[in-house]
Amino acid sequence: MTNTDTPDPQLSIIMPAFNEDRRLGLALGQLKRHFESSPMTIEIIIVDDGSTDDTAAVARAFDPGPLAIRLIRNRVNRGKGYSVRRGMRKARGQMMLMTDTDQSTPIHELAKVAPYLSDGYDVVIGSRDMDESVITRRQPRHRHGMGLLMRGLRRRLMLRDIKDTQCGFKLFSRRGAKDIFRRVREDGFAFDCEALLLARKMGYRIKEVGVVWCNDPDSRVRAVRDSIRMVIGLVRIRC
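Small disclaimer: the values here were computed from a predicted structure and weren't measured. (Residues numbered from 1 in each chain as written. Predicted model: local features only at pLDDT ≥ 70, side-chain atom pairs only at ≥ 80, totals over all residues. Heavy atoms only, no water.)

Enquirer: Honestly, the overall build of the protein chain in this entry has me stumped. Any pointers?
Expert: Assigned secondary structure in the protein chain consists of nine helices and nine strands. Computed over the C-alpha atoms, the radius of gyration of the protein chain is 17 Å, within 12% of the 18 Å expected from 2.2 N^0.38 for a compact globule of 239 residues. Projected onto its principal axes, the C-alpha coordinates of the protein chain cover approximately 45 × 40 × 35 Å. Counting the 239 residues in the protein chain, one finds 53% classified as buried. In the protein chain, the share of contacts with a sequence separation of at least 24, taken over all contacts with a separation of at least 6, comes to 83%. Within the structure as shown, the protein chain displays about 11,400 Å² of accessible surface, and the carbon and sulfur contribution to it stands at 50%. Taking the average place of the 44 positive charges on the side chains of the protein chain and the average place of its 30 negative ones, the gap between the two points comes to 5 Å. (Helix = DSSP H or I, 4+ residues; strand = E, 2+ residues; numbered from the N terminus. Rg over C-alpha atoms; globule rule 2.2 N^0.38 Å. Buried < 20%, exposed > 50% of the residue type's maximum accessible area, 1.4 Å probe, protein only. Contact = heavy atoms within 4.5 Å. Areas by Shrake-Rupley, 256 points an atom, 1.4 Å probe, with all protein chains shown as cover. Lys, Arg positive; Asp, Glu negative; His and termini not counted. Charge placed at Lys NZ, Arg CZ, Asp CG, Glu CD.)

Enquirer: Just checking my understanding: could you explain the packing of aromatic side chains for this structure?
Expert: The geometry of an aromatic ring pair is captured by two quantities: the separation of the ring centres and the angle between the planes. In this structure the tally under the stated criterion is two aromatic pairs. Ring centres 6.0 Å apart and planes at 75° place the aromatic pair Tyr-116 and Tyr-121 in the edge-to-face group. Residue classification places Tyr-121 among the buried positions, given a relative accessible area of 16%. Ring centres 5.3 Å apart and planes at 75° place the aromatic pair Phe-172 and Phe-181 in the edge-to-face group. Here the guanidinium or amino end of Lys-32 rests over the ring plane of Phe-62, the centre of that ring lying 5.8 Å away. Sitting above the plane of the Tyr-82 ring, Arg-78 keeps its charged end 4.0 Å from the centroid. (Phe/Tyr/Trp six-rings, centres within 6.5 Å; stacked < 30°, edge-to-face > 60°. Lys NZ or Arg CZ within 6 Å of the ring centre and 35° of its normal.)

Below you can see the structure in the form of structure tokens.
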């Protein structure tokens, strides 16, 4: 890993990671191969969310080539929302992409979402529920059913016109990211909804774009417990 600071990178990639020593190297390798011949300047910000495995060691050992990698470590596990918020506040790119360590939406889908920033949008979110979305491996039935239940509840509370708030592939303009994430307070999985609700209330234009998505059987999301926490978070945001 290198801590070399790239002045004014064009793209910051924020990747929260909790006990991801197995998948992190694979994800970083995918990003390196995708961008190694790109003229863009890239920084990858890995936010280690209090991992108890070798996540930080994998990040430090990785050879990023032309990319700049920064590792931020939370002392204890604080949640995905906290980690993404911390990464966004530290990022310096003109564009800021939130993506998951499992790369369930591959990095080449950036080509679909990035042009919308030039069209006046400040928030462009990947979606699994648009007509053009491509699901290459679906979730098990119980997780899919829980997801539908949660989506129905969320749409009754907020953001009724957005089909999928939880896809972990979201691109922000620098202005939008800095403005939105300094106000986000949710530490858990409901932070996506809070960020989008804040974006709307502050007048930022949101574009939902269908992307390729593949379920990873080794997901860190625990269907029942995290769904209960999600409900609590949604109610808290709504109140």
